[in-house]
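Structural overview
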Amino acid sequence: MDRKPLSRTPARPRVTARRPDAPPARRQHRLAAGVLAAAVAGATALAGCSSGSTPSSVASSAAAAVSKGASAAASVASALASAAGGIGSAISSAEAQASAAVSAASSAVAGIKGGLDAKGDVTAGAVTTGSDGKAQVELTVTNHAQQSYRYVIQVNFTDGSGKVLDATAVTVPDVAAGQSAQATARSNRDLTGTVKAEVANAVRY
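Report on the accompanying structure. Within each chain, residue numbers correspond to sequence positions counted from 1 in written order. Where local features are concerned, this predicted model is filtered to residues with pLDDT of at least 70; where side-chain atom pairs are given and counted, the filter is 80 or more; whole-chain, interface and lining totals use all residues. Values shown for side chains rest on all heavy atoms present in the structure; no hydrogens or waters enter the calculation.

1. Quick notes on the sheet that holds strand S2 (residues 122–129)
Should DSSP find at least two bridges between two strands, the strands are regarded as paired. Helix and strand assignments follow DSSP, with helices taken as H or I runs no shorter than four residues and strands as E runs no shorter than two, numbered in order from the N terminus. Spatial strand order, S2-S3-S6: 3 strands in an open sheet with antiparallel pairing. This sheet does not close on itself; its edge strands, each paired only once, are S2 and strand S6 (180–190). When the angles between neighbouring strand axes are averaged without regard to direction, this sheet yields 20 degrees. As defined by bridge partners, S2 adjoins strand S3 (residues 134–142) across 6 bridges and the pair is classed as antiparallel. Bridge pairing in S3 places Val127 opposite Val137. Axes here mean lines fitted to C-alpha atoms, for a helix over just the part in contact, with angles spanning 0 to 180 degrees between N-to-C directions.

2. Some remarks on the pattern of salt bridges
Any two side chains of opposite charge can pair if their charged atoms end up close together. By convention in these notes, a salt bridge is any Lys or Arg side-chain nitrogen within 4 Å of a carboxyl oxygen on Asp or Glu. Scanning all chains against the criterion turns up 3 salt bridges. One salt bridge connects Arg204 with Asp121, and the closest N-O pair in it is separated by 3.1 Å. Linking Arg204 in strand S7 (residues 196–204) with Asp121 in the loop between strand S1 (116–117) and S2, this pair joins segments that are 83 residues apart in sequence. Classification of residues uses two cut-offs on accessible area relative to the type maximum, computed with a 1.4 Å probe and protein chains only: under 20% is buried, over 50% is exposed, and between them is partly exposed. On the accessibility criterion, Arg204 (17% relative accessible area) is buried. Residue Asp174 is joined to Arg150 by a salt bridge in which the shortest nitrogen-to-oxygen separation is 3.1 Å. Of this pair, Asp174 sits in strand S5 (residues 164–175) while Arg150 sits in strand S4 (residues 149–158), and the two are 24 residues apart along the sequence. Here Asp174 falls in the exposed class, since its relative accessible area comes to 51%. Judged by its relative accessible area of 41%, Arg150 is partly exposed.

3. Here's the deal with the packing of aromatic side chains
Side-chain rings of Phe, Tyr and Trp (the six-membered ring for Trp) are treated as a pair once their centres are within 6.5 Å; stacked means planes under 30 degrees apart, edge-to-face means over 60, and tilted covers the remaining angles. Per the counting criterion, the structure on display carries 0 aromatic pairs. For Arg204, the ring lying beneath its charged end belongs to Tyr149, and the centroid distance is 5.0 Å. Placement of a positive charge over a ring is assigned whenever Lys NZ or Arg CZ falls within 6 Å of the ring centre and within 35 degrees of the normal to the ring plane.

4. Brief notes about the layout of surface pockets
A water-sized probe rolled over the atoms picks out the places where empty space is left. Using protein atoms alone on a 1 Å grid, points that fit a 1.4 Å probe yet trap it form a cavity, whereas open point sets bounded by protein on both sides within 12 Å along at least five of seven lines form a pocket; residues with an atom within 4 Å of a point count as lining. Grid points are joined across faces, edges and corners, and a volume is the space filled by probe spheres set on the points. Put simply, the largest pocket is a space of about 200 Å³. Among the elements of the structure, helix H2 (55–110), S5 and S6 are those that each provide at least two residues to the lining of the largest pocket. Element by element, the count of residues in the lining of the largest pocket is highest for H2, at 4 residues. Here the term charged refers only to Asp, Glu, Lys and Arg, the term nonpolar to Ala, Val, Leu, Ile, Met, Phe, Trp, Tyr, Cys and Pro, and the term polar to all other amino acids, Gly among them. For the lining of the largest pocket, the residue count by class is 6 nonpolar, 1 polar and 5 charged.

5. Describing the sheet that holds S7
Adjacent strands of a sheet pair through backbone hydrogen bonds, lying either parallel or antiparallel. Here 4 strands make up an open sheet; going across it, the order is S1-S7-S4-S5 and the pairing antiparallel. Where the open sheet ends on each side, the last strands, each with one partner, are S1 and S5. Bridge analysis of S4 against S7 gives 8 bridges, and the strand direction is antiparallel. Residue Asn156 lies in a different strand from S7, and its bridge partner there is Glu198.

In short, shape yes, function no, at least from these values alone.
Next comes the structure, spelled out in structure tokens:
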């Protein structure tokens with residue numbers, strides 16, 4: 001009896017299943033999770049948490065660290081604002097003092113009844129600093145008239161740009177006709193930086 005050859009079923013090719021790529025949304029979620037984890041780790045380091053801390057305690061500590069940082073920044077900003085305000089107040093005070101000094105000096109000159117303009121009779125030298133720390137300048141008064149006169153002189157102390165820093169009035173006793181006299185004008189307070197002096201007004205009487 002003839003035997004028929006056994007037929008074999010051809011082997012099916014093995015197909016390796018490939019996992020589909022994660023959708024973009026899932027990748028974004030993973031990225032966000034990684035960023036969040038890094039942020040929490042950084043906050044944990046700032047807060048000084050131990051490795052045994054729970055997630056809630058880590059978050060709380062991180063929040064506390066951030067809060068402390070914000071509070072410190074606010075304190076620094078407040079200090080800077082206070083410093084700026086203090087500087088502004090000092091400037092305003094100096095300007096007020098200068099204005100008051102100019103007013104007093106000019107009033108001293110204006111208070112001389114019957115005084116004659118004598119600004120041309122007065123010259124000012126270079127400003128120096130006295131032993132008391134105040135600015136001072138030597139004045140030379142020359143009487144060009146035919147009789148003796150007394151003088152009242154307003155001297156303004158200015159900075160390099162011409163801004164008035166202080167002012168004073170100097171009284172010079174009798175100066176004989178055709179003669180000269182020396183006097184010293186001193187500032188009312190300490191002046192720093194470049195300081196110059198100018199004869200703002202002068203009268204003789």
